[in-house]
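Observations on the three-dimensional arrangement
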Amino acid sequence: MTALLALFVRELKLATRVGGGALMGSLFFLIVVTVVPFGVGPDLALLARIGPAILWIGALLATLLSLDRLFQADRDDGCLDLIVAGETPLELVVLVKCLAHWTATGLPLVVVSPLFAVFLNMEPTAIAATTTTLLVGTPALTFIGAIGAALTVSLRRGGLLLAILVLPLTVPVMIFGVSAATAAVSEPVPFLTPFLILSALGLFAAVLGPVAGAAALRFAGD
Amino acid sequence: MRLIDYANPTRFLGLVARLLPWIAGATAVTFAIGLWLVFAVAPADYQQGETVKIMYVHVPCAWLSMFCYMTMAGSALGTLVWRHPLADVSAKCAAPIGAAFTFLALATGSLWGKPMWGTWWVWDARLTSVLVLFIMYLGLIALTETIEDPVRAARAGAVLTLVGVVNIPIIKFSVEWWNTLHQPASVFRMGGSTIDPAMLVPLLVMAGAFTGLFVTVHLMAMRNEILRRRIRAMRMIEASRAE
Amino acid sequence: MLGTHAGFIVAAYGFAVVVIAGLFLWVGLDGRAQRRQLAELEARGIRRRSDVAAGGEGR
């Protein structure tokens, strides 16, 4: 337990110090949100309607882009071999690394999303709903992404491949996240149904991601 | 005859050499019967007219896109659990074939959709999940092509294949949910179990023919891959001798 | 014979034929290339370790 806690603190320190690049994701998120109105036009009604989708796509892309460093830095300096050979179960190590990574890069995305929602002319209910779904949904994205990060760990330019591998698997999270966020303001479905499925997907990913990621890391090693 | 007896590639190649002509012949005969049934016997649909003939290629391709993924999942288990040496050969060879049939399912679906729906593409639940499956096939091929060492590539591919197997039902479910949310009225629905026997029999024959085609191409591709690995091993022996 | 949408039916079947022919072409050409390389290596006297006993039943 102490080992895992130490790992969590180490990961956070590495991510937040100079050169860690934790806030780069939020900056990218801001740029995506800024670029969309240039594409679809400054129609405030339209932006309010597709706002949750823009925020979700932005968060998804920002999460994916930061994921390729999840295991690569450890592989470069040899830590990864020690971790794989160590006594602590690799699945738990991956889980803790994901949690630390999410705290450093995912949580800032959730925190800034209400601010970006204001740019998109969203109403308070929609802002609250979108932020809540992002809070529940972005950990799922990190866990699923960890599988891709583990699979591409030995590749020099794995970032693009990681996104290609992971994006189809994030389709369900995306669907239920955006559905829950839009359901809060428009009528056909209640907010709770898609939100609960989103939470279930998150819990499922918290199991699948570490197990598959650990398997991929082990097979990449020997 | 146990599966492990064919872990020896040479023995497997012998078996392929003996079986392949029969499988290929049976496939050709089934195709001949199937095409005859489709074009000479099967009736036109009272709603769709002759366009329903596209179904006899579209549905078998869609079926194969799933069947091929299941073959890869079985092979992935073989690679990870039993380390069966032929399993990763099988998985690697099935991926491009599966991608080809998934592409065919999409293309014929689109050609069927244009006269039926009036557009080439609708974000219908079935088409959309097949599209996601197609992207997953391409991702798998990209992954195994990018990793140079064949053993590592096979294991990484196997992990991804199994993750995909777990996720495909979830993706299917969520795409259907998403679809009913956005398109309440179904534009067009294929009969499912209410399909008429006069159409079902040709469809089953065509599905059998396509499956035979998959087995034939898959075995041929596996034979090529075994030879490729043999050549790689021989090159390495040659290189080590030259030193 | 094929009704008003004959073009679509022909296109669908034609597409299927092209893709399947492509698959066979890929497998066939690839197989031929592999066999040629194997024959070249064998002609140069390279043997796999296991082939010394089995007597080179590579086909």
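Residues numbered from 1 in each chain as written. Chains lettered and ligands numbered in written order. Predicted model: local features only at pLDDT ≥ 70, side-chain atom pairs only at ≥ 80, totals over all residues. Heavy atoms only, no water.

1. Some remarks on the environment of Val211(A)
Residue and element names in this part refer to chain A. Following the sequence through the fold, Val211 ends up in helix H10 (residues 192–221). Its relative accessible area of 44% is what places Val211 among the partly exposed residues. Distance in space between the C-alpha atoms of Val211 and Ala53 is 30 Å, their sequence separation being 158 residues. (Helix = DSSP H or I, 4+ residues; strand = E, 2+ residues; numbered from the N terminus. Buried < 20%, exposed > 50% of the residue type's maximum accessible area, 1.4 Å probe, protein only.)

2. Observations concerning the pattern of salt bridges
On inspection of all chains with the given rule, the structure shows 12 salt bridges over all chains. Close ionic contact of Asp74(A) with Arg10(A) constitutes a salt bridge, the shortest N to O distance being 3.2 Å. Taken together, the positions of Asp74(A) in helix H4 (residues 69–76) and Arg10(A) in helix H1 (residues 2–16) put the pair 64 residues apart, joining distant regions of the chain. The class of Arg10(A) is partly exposed, set by a relative accessible area of 26%. Of the charged contacts in the structure, one is a salt bridge between Glu225(B) and Arg228(B), with a shortest N-O distance of 3.1 Å. A residue pair is termed a helical-turn pair when its members lie 3 or 4 positions apart in one helix, as Glu225(B) and Arg228(B) do in helix H6 (residues 197–242) at three residues. Residue classification places Glu225(B) among the buried residues on the basis of a relative accessible area of 5%. When its relative accessible area of 30% is taken as the criterion, Arg228(B) is described as partly exposed. Linked through salt bridges whose partners overlap, the residues forming this network are Asp88(B), Lys92(B), Glu225(B), Arg228(B), Arg229(B) and Asp30(C). (Salt bridge = Lys/Arg side-chain N within 4 Å of Asp/Glu carboxyl O.)

3. Topic: the interface of chain B and chain A
Listed by partner, the interface residues are 27 residues for chain B and 27 residues for chain A. Between chain B and chain A, roughly 2400 Å² of surface is buried when both sides are summed, and carbon and sulfur atoms account for 82% of that area. Counting every contact that joins chain B to chain A gives zero salt bridges. Inspection of the chain B/chain A interface yields zero residue pairs in polar contact (both at pLDDT 80 or more). Elements represented by at least two residues in the side of chain B that touches chain A include exactly helix H4 (125–146) and helix H5 (150–182) of chain B. Residue composition of the side of chain B that touches chain A, grouped by class: 20 nonpolar, four polar and three charged. (Contact = heavy atoms within 4.5 Å. Buried area = accessible area lost by both parts, 1.4 Å probe. Polar contact = N/O pair within 3.5 Å; in protein donor to acceptor, adjacent residues only side chain to side chain. Nonpolar A, V, L, I, M, F, W, Y, C, P; charged D, E, K, R; others polar.)

4. Quick notes on helix H1 (residues 9–41) of chain B
If you look at H1(B), its biggest bend is around 40°, right at Leu19(B), and the proline Pro21(B) turns up within four residues after that. Every buried residue of H1(B) is listed here: Thr10(B), Phe12(B), Leu13(B), Leu15(B), Val16(B), Leu20(B), Thr27(B), Phe31(B), Gly34(B), Leu37(B) and Val38(B). Where the residues of H1(B) are buried, they touch helix H2 (55–82), helix H3 (85–117) and H6 of chain B together with helix H1 (6–43) of chain C. (Bend = angle between axes of the 7 residues up to and from the residue.)

5. Here we look at the packing of helix H6 (residues 90–119) of chain A against helix H7 (residues 124–151) of chain A
Residue and element names in this part refer to chain A. Contact pair H6 / H7: the axes reach a minimum separation of 9 Å and the direction vectors enclose 150°. When the axis of H6 is compared with that of H7, the two are roughly antiparallel. The handedness of the crossing between H6 and H7 comes out as right-handed. Of H7, the residues touching H6 (which contributes Leu95, Cys98, Leu99, His101, Trp102, Leu107, Val110, Ser113, Pro114, Ala117 and Val118) are Ile127, Thr131, Leu134, Leu135, Thr138, Pro139, Thr142, Phe143 and Ala146. Classifying every residue of the contact of H6 with H7 gives 15 nonpolar, five polar and no charged. (Axes fitted to C-alpha atoms, helices over the stretch in contact; angles between N-to-C directions. Parallel < 35°, antiparallel > 145°, perpendicular 65-115°, else oblique. Left-handed = near helix turned anticlockwise from the far one by under 90°.)

6. Some words on the UniProt feature "transmembrane region" (unreviewed entry) in chain A
Per the UniProt record, the feature "transmembrane region" (unreviewed entry) sits at residues 21–40, 46–67, 99–120, 126–153, 160–185 and 191–217 of chain A. The span residues 191–217 of chain A is 96% helical and 0% strand by assignment, and the distance between its end C-alpha atoms comes to 38 Å. (UniProt positions renumbered as here; feature names shortened; annotations may be inferred.)

7. Side note on the interface of chain B and chain C
Interface size, as often reported, equals the accessible area lost upon joining of the parts. Taken residue by residue, the interface counts 40 residues in chain B and 33 residues in chain C. Interface of chain B and chain C: buried area, both sides summed, is about 3600 Å²; carbon and sulfur atoms make up 74% of it. Linking chain B with chain C are two salt bridges. In this structure, Arg44(C) engages Glu238(B) in a salt bridge whose closest nitrogen and oxygen atoms are separated by 2.3 Å.

8. What about a nonpolar patch on the surface?
Residues and elements named next belong to chain A. A grouping of Leu27, Ile31, Val35 and Phe38 is seen on the molecular surface, where their side chains present a nonpolar patch of about 430 Å² in accessible area. As for its position among the elements, Ile31 is in helix H2 (residues 24–40). On the basis of relative accessible area, Ile31 is assigned to the partly exposed category, the value being 44%. (Patch = residues over 30% accessible without salt bridge, like charges linked within 9 Å, V, L, I, M, F, W, Y side chains within 5 Å. Areas by Shrake-Rupley, 256 points an atom, 1.4 Å probe, with all protein chains shown as cover.)

9. Quick notes on the nonpolar core
With 149 residues, the main nonpolar core has Phe71(A), Leu151(A), Tyr56(B), Phe101(B) and Phe210(B) as its most contacted residues. With 16 residues, H6(B) is the largest single contributor of residues to this core. Leave out the neighbours within four places in its chain, and Phe71(A) touches Leu80(A), Val94(A), Lys97(A), Ala146(A), Ala149(A), Ala150(A), Val153(A) and Leu217(A). (Core = buried A, V, L, I, M, F, W, Y, C linked by side-chain atoms within 4.5 Å.)

10. Quick look at helix H9 (residues 171–183) of chain A
Here H9(A) spans 18 Å end to end across 13 residues, near enough to the 18 Å set by a 1.5 Å rise per residue. Along H9(A), the residues classified as buried are Val171(A), Pro172(A), Val173(A), Met174(A), Ile175(A), Phe176(A), Gly177(A), Val178(A), Ser179(A), Ala180(A), Ala181(A) and Ala183(A). (Expected span 1.5 Å × (residues − 1).)

11. Notes on the state of the cysteines
Residue and element names in this part refer to chain B. Under the defined criterion, the tally for this structure stands at zero disulfides over all chains. Summary of cysteine pairing: Cys68 is not part of a disulfide, and the nearest cysteine sulfur, belonging to Cys93, is at 10 Å. For Cys93, a relative accessible area of 4% gives the class buried. (Disulfide = S-S within 2.5 Å.)

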